[in-house]
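Summary of the model geometry
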Amino acid sequence: MTLLQVMAARDPGEVQLRSEDPEVVRVQLLRIGVRFSRWRAARRIPVDADDATILSAYRSHIGHVSAENGYRTVDIRRLTPAPAGPELRRAAANREKFRRQHLHEEDMVRFLVAGIGCHYLHAAGRVHALVCTPGDLLSVPSRTGHWFDAGAAPRYTSIRFLRARDRPGLRFQPGDIAARFPTLDDLLELP
């Protein structure tokens, strides 16, 4: 269930749109320069698939996106629930870090293989909360304010595309706009 909820940036309670229709999602995001599409794997992928299996299953899609946009690095990113103790505290701190608005120096392109996650896009006086599910491809232009939440118990596996060989520049923005908006868990509880 891909979900887009658009809220006024000044007031998260002012919901301007809430839709699960992929075409409505695509058109709304295109208005702010964000590309959204859906992919299907060439074959069924096991839940515990390793990186090589995932990359092989989406090889033709990956090749097309990489060639079209000049991506030189493609890798797998995973978030899973942390065990109790120091790992749990580290995971909570990491969640809070990426729930702060930030910018990338290059386009942020993610394809969700498994799990669920919410990308928040701050543009045109609105916050677009996009709950992504397996099969969703999102391409956010560089320097677009955004943040991310995979929830309190994350299960998220994505393919990441990069033009540079190393980690792209990341700049956190002042203020706490993200703290005012519903988390992924909150969005999933709404009717």
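Residues numbered from 1 in each chain as written. Predicted model: local features only at pLDDT ≥ 70, side-chain atom pairs only at ≥ 80, totals over all residues. Heavy atoms only, no water.

The subject of this paragraph is the pattern of salt bridges. Counted by the stated rule, this structure contains 15 salt bridges. Residue Arg143 is joined to Glu105 by a salt bridge in which the shortest nitrogen-to-oxygen separation is 3.0 Å. With Arg143 in the loop between strand E9 (136-140) and strand E10 (145-149) and Glu105 in the loop between strand E5 (102-104) and strand E6 (108-115), this pair connects stretches of sequence that are 38 residues apart. The class of Arg143 is exposed, set by a relative accessible area of 52%. (Salt bridge = Lys/Arg side-chain N within 4 Å of Asp/Glu carboxyl O. Helix = DSSP H or I, 4+ residues; strand = E, 2+ residues; numbered from the N terminus. Buried < 20%, exposed > 50% of the residue type's maximum accessible area, 1.4 Å probe, protein only.)

Looking at the element boundaries, His146 is found in strand E10. Considered as a pair, His146 and Cys132 are 14 residues apart in the sequence and their alpha carbons are 14 Å apart. In this structure, His146 is in contact with Arg100, Gln101, His102, Leu103, His104, Met108, Tyr120 and Leu121, ignoring residues within four places of it in sequence. (Contact = heavy atoms within 4.5 Å.)

Turning to the sheet that holds E9, a few remarks are in order. By way of backbone hydrogen bonds, the strands of a sheet pair with one another, either parallel or antiparallel. The strand order across the open sheet formed by five strands is E3-E9-E6-E11-E4, and the pairing between neighbours is antiparallel. Bordering the open sheet on either side are strand E3 (35-38) and strand E4 (73-79), each of which pairs with just one other strand. The sheet shows a mean angle of 20 degrees between the axes of neighbouring strands, taken without regard to direction. As judged from the four bridges shared by E3 and E9, these two strands associate in the antiparallel manner. Across the sheet, Phe36 pairs through a bridge with Leu138, a residue of E9. Sitting on the sheet, helix H3 (residues 59-69) touches E3, E4, E9 and strand E11 (156-162), and the angle it makes with E11 is about 35 degrees. (Pairing = 2+ DSSP bridges. Axes fitted to C-alpha atoms, helices over the stretch in contact; angles between N-to-C directions.)

Glancing now at the environment of Gly125. Checked against the element boundaries, Gly125 lands in the loop between strand E7 (117-123) and strand E8 (126-132). Distance in space between the C-alpha atoms of Gly125 and Met7 is 8.9 Å, their sequence separation being 118 residues. Ignoring sequence-local partners within four residues, the contact set of Gly125 consists of Ala8 and Ala9.

A few words now on the nonpolar core. In terms of nonpolar packing, the biggest core is built from 18 residues, with Leu29, Val34, Leu130 and Leu138 touching the most fellow members. Those elements that place two or more of their residues in this core are strand E1 (3-8), helix H1 (22-30), E6, E7, E8 and E9. The next biggest cluster of nonpolar side chains, apart from the first, holds 15 residues, and it includes Val65, Ile76, Val109 and Val113. (Core = buried A, V, L, I, M, F, W, Y, C linked by side-chain atoms within 4.5 Å.)

To continue, consider H1. Of the residues making up H1, those classed as buried are Val25, Gln28 and Leu29. For H1, the angular spread of buried residues about the axis comes to 95 degrees, placing them on one side. Packing partners of the buried residues in H1 comprise E1, strand E2 (11-19), E3, E7, E8 and E9. Its side-chain oxygen at 2.8 Å from the backbone nitrogen of Glu23, Asp21 defines the N-terminal cap of H1. (Arc of directions from axis to C-beta. Polar contact = N/O pair within 3.5 Å; in protein donor to acceptor, adjacent residues only side chain to side chain.)

Within E6, six of the eight residues are buried, which leaves it mostly tucked inside the rest of the structure. Of the pairings in the sheet, the one linking E6 to E9 comprises four bridges and is antiparallel in character. Bridge pairing in E9 links Phe111 to Leu137. Relative to E11, E6 runs antiparallel, the two being bridged by six bridges.

Next up on the list: the side chain of Thr2. Within the secondary structure layout, Thr2 lies in the segment before E1. Engagement of the side chain of Thr2 in a polar contact is seen with the side chain of Thr133, the distance being 3.2 Å. Of the polar contacts made by the side chain of Thr2, one reaches the side chain of Asp136; its length is 2.7 Å.

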